[in-house]
Amino acid sequence: MKKTEIKSEAEITLDQTAAQLKIITADKRTVQVGYESTEESIVHPDGKIHKYEIHKFILPESNEENRIGEIAIDITDRKRMEEVVNRANKELAFQY
């Protein structure tokens, strides 16, 4: 049986603040460099964790300064398959 983690209101607020700080930092890097690519784990409403590849970029010809575009690609299945391949490779290496 899976143990349910219960967080206090302060812990939840701290988690949200850390997530917001991470976003702000990535946005600042995007503005400085023009492009930022990261991988993020996001908890869906059903409680499952999904992995995303996130690409941020400056939007060209925007009327406002530093307008950032973002594309997020769900790479959960790819990451799971990479884990399966890595385990299989380790098992094969162990056999030889």
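Residues numbered from 1 in each chain as written. Predicted model: local features only at pLDDT ≥ 70, side-chain atom pairs only at ≥ 80, totals over all residues. Heavy atoms only, no water.

## What about the overall build of the chain?
Then comes step 1: Within the chain, the secondary structure is distributed over 2 helices and 3 strands.
Then comes step 2: Moving toward the C terminus, one meets the helices and strands of the chain in the order α-β-β-β-α.
Then comes step 3: Taking the contacts inside the chain whose residues are at least 6 apart along the sequence as the reference set, 27% of them involve residues at least 24 apart.
Then comes step 4: Only carbon and sulfur atoms are counted for the fraction: they give 56% of the accessible area of the chain, which is about 8500 Å². (Helix = DSSP H or I, 4+ residues; strand = E, 2+ residues; numbered from the N terminus. Contact = heavy atoms within 4.5 Å. Areas by Shrake-Rupley, 256 points an atom, 1.4 Å probe, with all protein chains shown as cover.)

## Observations regarding the pairing of strand β2 (residues 49-58)
Then comes step 1: Examined bridge by bridge, strand β1 (residues 35-43) and β2 share 9 bridges and lie antiparallel to one another. Looking at the pairing, V43 lines up with I49 of β2.
Then comes step 2: Two successive antiparallel strands, β1 and β2, enclose a turn made up of 5 residues, where G47 displays a positive phi of approximately 90 degrees. (Pairing = 2+ DSSP bridges.)

## Quick look at the confidence of the model for the chain
Then comes step 1: With 81% of its residues at a pLDDT of 70 or more, the chain shows a mean pLDDT of 83.
Then comes step 2: Within the chain, the lowest mean pLDDT, 78, falls on helix α1 (residues 9-33), and the highest, 94, falls on strand β3 (residues 68-74). (pLDDT = per-residue confidence, 0-100.)

## Observations concerning the pattern of salt bridges
Then comes step 1: On inspection of all chains with the given rule, the structure shows 9 salt bridges.
Then comes step 2: Among the ionic pairs, E82 bridges to K79, the shortest N-O distance being 3.6 Å. On the criterion of helical spacing, the pair formed by E82 and K79 is a turn pair, its members being 3 residues apart in helix α2 (residues 76-95).
Then comes step 3: Of the residues examined, E82 reaches a relative accessible area of 34% and is grouped as partly exposed.
Then comes step 4: Taken together, the shared-partner salt bridges in this structure form one network comprising E39, E53, R78, K79 and E82. (Salt bridge = Lys/Arg side-chain N within 4 Å of Asp/Glu carboxyl O. Buried < 20%, exposed > 50% of the residue type's maximum accessible area, 1.4 Å probe, protein only.)

## Re the sheet that holds β1
Then comes step 1: Strand order in the open sheet formed by 3 strands is β1-β2-β3, and the pairing between neighbours is antiparallel. Looking at which strands have only one partner, the edges of the open sheet turn out to be β1 and β3. Averaged over all pairs of adjacent strands, the angle between their axes in this sheet comes to 25 degrees, without regard to strand direction.
Then comes step 2: Across the sheet, α2 is in contact with β1, β2 and β3; its angle to β2 comes to roughly 120 degrees. (Axes fitted to C-alpha atoms, helices over the stretch in contact; angles between N-to-C directions.)

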